[in-house]
Every structure is written in C-alpha cells, then in structure tokens.
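Secondary and tertiary structure notes
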Amino acid sequence: MMSSSSDPMTERLLCSICLEVFSDPVSTPCGHNFCKICLNTYWNNSEDYRCPNCKETFKQRPDLKINTTLRDVVDEHKKKSPEEQPEAEVVCDICTEGKLKAVKSCLVCQISYCETHLESHLRVSGLQKHKLIDPVKNLQDYICQKHDRPLELLCRDDHTCVCLICTVTDHKNHNFVSVKDEGEERKIQILKTQTDVQQMIQDRIKKTEDIKHSAELRRRNTEKEKAASVAVFSDLMSSIERCQSELLEMMEEKQKAAEKHDEDVIKDLEQEITELKKRNIELEQISHTEHHLQLIQIHSSICSPLNTKNCPEISLKSHVSVEKVRRSLTQLQENLQEKLSEAVLKWMQQYAVDVTLDPDTAHPNLILSDDEKYVRHGDISHKLPDNPKRFDRYAIVLGKEGFSSGRFYYEVQVKGKTDWQLGVAIESVNRKGDITLTPVNGFWTLLLRNENKYAAVSDPSVSLSVNPQKVGVFVDYEEGLVSFYDVENRSHIYSYTDQSFTEKLYPYFSPCLNDEGKNSEPLIITPVN
C-alpha cells in the first residue's frame, strides 16, 4: 500500500516500484535505489536487466549488495516515525520477568516460546511432533474453535480452514489441501499479482512522464505560435497605420493646397475691392460736376472696364474623393491579404518534414532519382516485383514516411510541366486498376491538366485560376485540413477542410504521362527555406 506520508524526507526514501519506504535497499550501477525484493522480482519477470527508473540496460544481472548507508538512514527515519513502525514483537509466554522475544509459537500448546523455553520442543520426542510456526500474537486464529486442534487443511468445497477432525465430521468426503501447500500456491499468485501491479505502476509512471512531456511540448508550441501570431498582427497593424498615415498626409496636403489657393483668391479680391472703391469715388465726384466739357473728356477713361479676374465659385466639397478613399482601402486590403498569406505560409513552413519517395509504391514506368527526391515518367515499363503496395495502372508514387498525427509540410517544384498531381493519400487506398481521386476514396489532391487547367479534385472538382511553379502541401491531421500554397507568390491556392482522418496519410505524387517529351520535367521535392 502506498505510504500516506507527505513528509519530504519520507518521499525521498520511497522505492519507486512498491512506493513504500525502502526495505533492504540496494543500488543499481546507474545510481538508483530500490527494495531488494522489489528489484529482484522486477528482473525475474523481465527479458533483460534494466533500471526501472532510467531504463539503462545492463549486459549482466548486477550483483546486488545492501546499501548499508541508505539502510541506516531508513532505520533512523523509522525510529523518528513511530506511526510507521510495525506491530510490537511477540514475546515469550513462559518468561516471568524481562520477557524475551518469541522465536516460535506452538499450535498444540497454543503458547509462544523464546529460544530458551523452546528447547524442550526440540529435544523431547513427544513435543517434537507439535506444530510450530513463526511467532504470532493471535494464536486462536490458527486453532479450530470446535475441536481445539491446529487448522492444517483448507476445505476446497467450503473454502474454509479446518482441522483433521473436521475432515471426518462436518467436512466428510470434501476435497482438502494442506494450508502450507495452498499458502505456497497463493504466494505465487500474490507475487504474480504484485508483478502485475508493479508493471501497472511503471506503466502509469511512464504515462505520467509522457503526458508531462507532451504538455511541455504543447506549451512550447503554443508560445511559439503566440509569438508568430503577435508578429503577424503587429505587421498587419503597422500596414494599417502606415496606410492611415499616408491617407491623412494626403488629406493634409490637399487641405494646405486649398487654403493657399483660397488665400491667393482673397488677396486678389481685396486688391480689386480697393481699386473698385477708388473708381467709385471718382465716379461719385464726376457725377456731380457742372463742367460738361471736362466730363466728356474723362468719360472714356473713367468708364472703361476694370482689369478684374473672374471670381471662382465657392466649393465646400471634401478635398479627398470617396473614390480615392476606396482605392486606398482596396490597396490596404490587398496588402493585408498578401501579408497574411505570407505569414500563414511562414507559419506552416515550421512544420517542414523530410519527404522521400518510396520505390516499392512506384508505377513501373516511373524513374526515381538515387536520393529519392524527384520522379519523372520514362515511357518504358521496368520489370519490378508486383507487390501489394505498387500502383499498377496510373503513374503514381507515395512518400516513404506516413503520418498519423500532428502537422507536416513539404514543397514540390512543378515548373515546366504540363500535367501533374500532388497531395496526400491514406494508407489503404486502392493501388490496382482504376482509381478515382476523391476524398471519399482516400485522396486529397491538386492537379494540372493540358498546361493550364488547374483543379482541386473534390466532388465535384473545383477549377482554379493559378499558375504555381512550386507548390507547398500542408496537413493538420487533428484539424482534418489539407492546404495547397503557391510558394513563390506566397499565396493560398486551395484547402480541403473538416476532413476526418483515421489512418496514416502519405505524400502523393504523380508526374503523369511523358506526352512525347512535352511533359518530361520531373516533380522535385525541394528543401524548405
């Protein structure tokens, strides 16, 4: 039973197998400590000799010696922890003063004896026939209460311990086995159960360690993704602020230009007002003259048109048109979309894996490079073993590595090709005869036909207006997501979403037919930058 003590000292003195305070502690060569019986039992039921804690394996079974220093520490600790002490020892029933420790209990005499008082049982022939056992306090539990005889047998029919007299009375014609033999048998069962329990403890310790390790990895990944998200949104906010700043600056410049124009117009108008006032005075004066000859002489000059400018119409319209604002916002949206696509692609690229092609799955017409990084169609069929993994009708090859959890990403160069197919496929897809490339059949693919017809092969197919030279393939197993990206343009092409994956996924490649050399370029798995 696990110790209930929460004392730090006690916790350091616990065997990691039985989770109790050490009993006869021994040390492994790697420095870990266990109860001697626990470690021997653990090794007796193992195929090799390894440390239960750190899993270091030893070529030969170590010769275990009692760690006397640790044993002394354990003993000293037990003295200070009386609640953990075993029951008080059994004492001799014959001793009158200074009772000594009993060494045996007699089931016939129903008395416990010290070594001195036991001497007669070992010497006298009549007493030598008495049933002696290791000393116990509750001797009555070992005696038949009806016949006052030792309980030496187990009745298999009634599952109870009986004496010899019981076998011919209450339990006549029943099946019996000696208590000793039954005890030995049950001890074996207990040891087996203990071994199972110890294995369960180790399994749970390992599971706990695995969960802690997974939690730490998840925490690190979360921190990494949080930092990446902050960077993405910081960049997006910077773009918005920059666009806003440019728009405000343009509006400010327009305002200043309008104000300068208004000032110039007002200045010209004020100058004309001054001249007009002066002419008005002259006209006022001449209108009252009685000198008609003088009036006639200056009439032409005083009534001539003034050199004035046309007064501009007053406008209260905004200096920045709605169309300019719309164009700015549209440009901002395009910039944000571009930056978002770049950020998402960069985020996916952190899950890049090293993908290689599996020759055992390749159609006989396909030619793979020595490093298994590119594939092209060779027109000629090679004589290859027709194993169950190989595609026999279509020019298809899968990646060697399969994925049944997490995220993975890889990039493939498709430049110069007129036909190709890329994506992922489940392990159990049909590889013989006709194949239909749809998710319901275990394929999630993107393809090019006839030089310029791109499509995602869902049901129905989705036509796409793209022209990638290098395609990035990203999979999130738990999210049920398969995404395709144009690596050079850093833009999203297509995604299969809300899929349900239940088995391994393998990278899928098809360079398609050679088409008399028109489609001879290979598909190349490229390193992720």
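Because the structure is predicted, anything quoted here is derived from the model rather than measured.

About the thresholds
- Residues numbered from 1 in each chain as written.
- Predicted model: local features only at pLDDT ≥ 70, side-chain atom pairs only at ≥ 80, totals over all residues.
- Heavy atoms only, no water.
- Helix = DSSP H or I, 4+ residues; strand = E, 2+ residues; numbered from the N terminus.
- Rg over C-alpha atoms; globule rule 2.2 N^0.38 Å.
- Buried < 20%, exposed > 50% of the residue type's maximum accessible area, 1.4 Å probe, protein only.
- Contact = heavy atoms within 4.5 Å.
- Lys, Arg positive; Asp, Glu negative; His and termini not counted.
- Charge placed at Lys NZ, Arg CZ, Asp CG, Glu CD.
- Pairing = 2+ DSSP bridges.
- Axes fitted to C-alpha atoms, helices over the stretch in contact; angles between N-to-C directions.
- Parallel < 35°, antiparallel > 145°, perpendicular 65-115°, else oblique.
- Left-handed = near helix turned anticlockwise from the far one by under 90°.
- Nonpolar A, V, L, I, M, F, W, Y, C, P; charged D, E, K, R; others polar.

**Structural notes on the overall build of the protein chain**
- A tally of helices and strands in the protein chain yields eight helices and 23 strands.
- Taken over C-alpha atoms, the radius of gyration comes to 49 Å for the protein chain, far larger than the 24 Å a tight globule of 529 residues would show.
- Its C-alpha atoms give the protein chain principal-axis dimensions of roughly 180 × 80 × 50 Å.
- Of all 529 residues assigned to the protein chain, the portion counted as buried reaches 33%.
- Long-range contacts, defined as pairs at least 24 residues apart, comprise 57% of the intrachain contacts of the protein chain with a sequence gap of at least 6.
- Taking the average location of the 68 positive side-chain charges in the protein chain and that of its 85 negative ones, the two points are 5 Å from each other.

**Focus on the pairing of strand β20 (residues 481-486)**
- The buried fraction of β20 is high, at five of six residues.
- In this sheet, β20 lies alongside strand β19 (residues 470-476) in antiparallel orientation, the contact comprising six bridges. Each residue of the ladder has a partner; that of V473, found in β20, is F484.
- Across five bridges, β20 lies against strand β21 (residues 491-496) in antiparallel orientation.

**Things to note about the packing of helix α6 (residues 179-287) against helix α7 (residues 292-302)**
- Between α6 and α7, the least distance of the axes is 12 Å, while the angle of their chain directions is 160°. Put simply, α6 runs roughly antiparallel to α7. Crossing of α6 against α7: the hand is left-handed. Along its contact with α6, which presents R279, E282, L283 and I286, the element α7 presents L295, I298, S301 and I302.
- Partitioned by chemical class, the residues of the contact of α6 with α7 number five nonpolar, one polar and two charged.

**Looking at the sheet that holds strand β23 (residues 523-526)**
- Pairing within the open sheet is antiparallel, and its seven strands lie in the order β11-β12-β23-β14-β19-β20-β21. Two strands in the sheet have a free side with no partner beyond their single neighbour: β11 (366-368) and β21. Within this sheet the neighbouring strands show an average axis-to-axis angle of 20°, counted without direction.
- Bridging between strand β14 (residues 407-413) and β23 involves three bridges; their strand directions are antiparallel. When the bridges of β23 are listed, E411 appears paired with T526.

**Notes on unusual backbone geometry**
- Look at the link from D459 to P460: it is a cis peptide, with omega at 5°.
- Among the structural elements, P460 can be located in the loop between β17 (453-456) and β18 (462-464).
- With a phi angle near 75°, E451 is a residue other than glycine that sits in the positive phi range.
- Position of E451 relative to the elements: it lies in the loop between β16 (443-449) and β17.
- The exposed category is assigned to E451, whose relative accessible area is 56%.

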